[in-house]
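# Per-entry structural report
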Amino acid sequence: MNVVTRQRGGILPLTIASVLWGVWTTAEKYSLSGLPVMTVLGVSLAAATALLWAALLNKGHQRPDRAQLRLLAVLGLLEPMLGYAAISMGLVHIEATQGALLSGTESCFVVALAAIVGRRLPTVRGITGVLLATAGVALLSGAHATLGLTPGDLMVLLGSLAAATATIVAGRAVLDLDPLVVTAYQFAFGFLFTLPLLVWQWMAGGDGTAAARPGHWIVVVVVCGGGLAAAFLLFNHAITRVSVSAAGVVLNIIPLFGLLAATLLLGESVNRWQCFGAMLILGGIFLFTDSDVEGG
């Protein structure tokens, strides 16, 4: 029986988190149609941070020590601050479907970084699974995809790299801390790091919210904020049960749900090549083996 079947304690939360992240891309694209980038990022992080800290204070916790706080600050800087700021800036210039597709490269970055940090290679079957899933991500861009990348594409890729690096850091941060503690502090630091950029945006051109409708604010707070908090909480819970390499492969399903959400909610189109790519991604996930999970 393969790892996806036997490691449900970690795989299921990862899968739900991937669904939420996929929907987030569409919600973010919609929000950006009426609000500036830093306003969307700042408000969503503020909402997520408030939700997480309300849960944390209700539960109670032991404050992290200095070393742990430094690690959590790095985690918050990488993701959500840098990762989501870069992706949001990219989404201003590209469609939600393309943003969701490019976000699938995060899994490739995760597996590569995990191999470098752990100084070990995944199994042949694991490598095949990653390559198959990567080919699926490439096909999701369509039959006529080229190597030419627009600035928007590059920003999303940079965001994916920052998120992948955060995945490696999270694997260490949650070893001695409750996942809720990790997520709450991670978002608090991310929000604090975002504040200077938010102030800069307001000083440079005002708040830029004149064109916003009530729906934009609701989506930013509920979907982008609450959904993001739930996704990260599930991820930080799951990362204690599977390796970062396995997590990276499961994250390949984010583009699938991103495509679905963008198609249903924004009316963006999907062709047969993208459907075939989705099938390859799922096949790659199920090729990942126990050896790739243990000791990752």
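See the structure printed just above.
Report follows, based on the coordinates. None of these values were measured; they are calculated from a predicted model. (Residues numbered from 1 in each chain as written. Predicted model: local features only at pLDDT ≥ 70, side-chain atom pairs only at ≥ 80, totals over all residues. Heavy atoms only, no water.)

### Some words on the packing of helix 3 (residues 37–59) against helix 10 (residues 214–238)
The N-to-C vectors of helix 3 and helix 10 enclose an angle of 50 degrees; their axes lie 8 Å apart at closest approach. It follows from the interaxial angle that helix 3 and helix 10 lie oblique. The chirality of how helix 3 crosses helix 10 is right-handed. From helix 3, Thr39, Val40, Val43, Ser44, Leu45, Ala47, Ala48, Leu51 and Leu52 reach across to helix 10, where they touch Trp217, Val220, Val221, Cys224, Gly225, Gly226, Leu228 and Ala229. Of the residues that constitute the contact of helix 3 with helix 10, the class distribution is 13 nonpolar, 4 polar and no charged. (Axes fitted to C-alpha atoms, helices over the stretch in contact; angles between N-to-C directions. Helix = DSSP H or I, 4+ residues; strand = E, 2+ residues; numbered from the N terminus. Parallel < 35°, antiparallel > 145°, perpendicular 65-115°, else oblique. Left-handed = near helix turned anticlockwise from the far one by under 90°. Contact = heavy atoms within 4.5 Å. Nonpolar A, V, L, I, M, F, W, Y, C, P; charged D, E, K, R; others polar.)

### Considering the nonpolar core
Trp21, Trp24, Leu75, Tyr84, Phe187 and Leu228 are the most contacted members of the largest nonpolar core, which has 53 residues in total. Looking at this core, the elements that each hand over two or more residues are helix 2 (8–32), helix 3, helix 4 (66–91), helix 8 (151–173), helix 9 (179–205) and helix 10. The element contributing the most residues to this core is helix 10, with 9 residues. Discounting chain neighbours no more than four positions away, the residues touching Trp24 are Tyr84, Ile87, Ser88, Leu91, Cys224 and Leu228. (Core = buried A, V, L, I, M, F, W, Y, C linked by side-chain atoms within 4.5 Å. Buried < 20%, exposed > 50% of the residue type's maximum accessible area, 1.4 Å probe, protein only.)

### With respect to empty space enclosed by the protein
The probe, sized like a water molecule, is rolled over the atoms to show the empty space still left. Going through the model one piece at a time under the given rule, you end up with 4 cavities of 30 Å³ or more. Empty space within the largest cavity amounts to approximately 130 Å³. Taken together, Trp21, Trp24, Thr25, Glu79, Tyr84, Ile87, Ser103, Glu106, Ala163 and Ile254 make up the lining of the largest cavity. Counting residues per element, the ones that place at least two in the lining of the largest cavity are helix 2 and helix 4. (1 Å grid on protein atoms, 1.4 Å probe; cavity = no way out; pocket = protein on both sides within 12 Å on 5 of 7 lines; lining within 4 Å. Points joined across faces, edges and corners; volume = space filled by probe spheres on them.)

### Section: the packing of aromatic side chains
Counted according to the given criterion, the structure contains 6 aromatic pairs. Seen from their ring centres, Trp24 and Tyr84 are 4.6 Å apart, and the 85 degrees between their planes marks the pair as edge-to-face. Placement of the pair is Trp24 in helix 2 and Tyr84 in helix 4, with a sequence separation of 60 residues. For Tyr84, a relative accessible area of 4% corresponds to the buried category. Here a set of aromatic residues connected by ring pairs shows up, and it is made of Trp21, Trp24, Tyr84, Phe187 and Phe232. (Phe/Tyr/Trp six-rings, centres within 6.5 Å; stacked < 30°, edge-to-face > 60°.)

### Considerations on the pattern of salt bridges
Evaluated as defined, the whole model comprises 1 salt bridge. Asp178 is the partner of Lys59 in a salt bridge, and the nearest nitrogen-oxygen pair spans 2.9 Å. Taken together, the positions of Lys59 in helix 3 and Asp178 in the loop between helix 8 and helix 9 put the pair 119 residues apart, joining distant regions of the chain. Note on Lys59: relative accessible area 52%, which makes it exposed. (Salt bridge = Lys/Arg side-chain N within 4 Å of Asp/Glu carboxyl O.)

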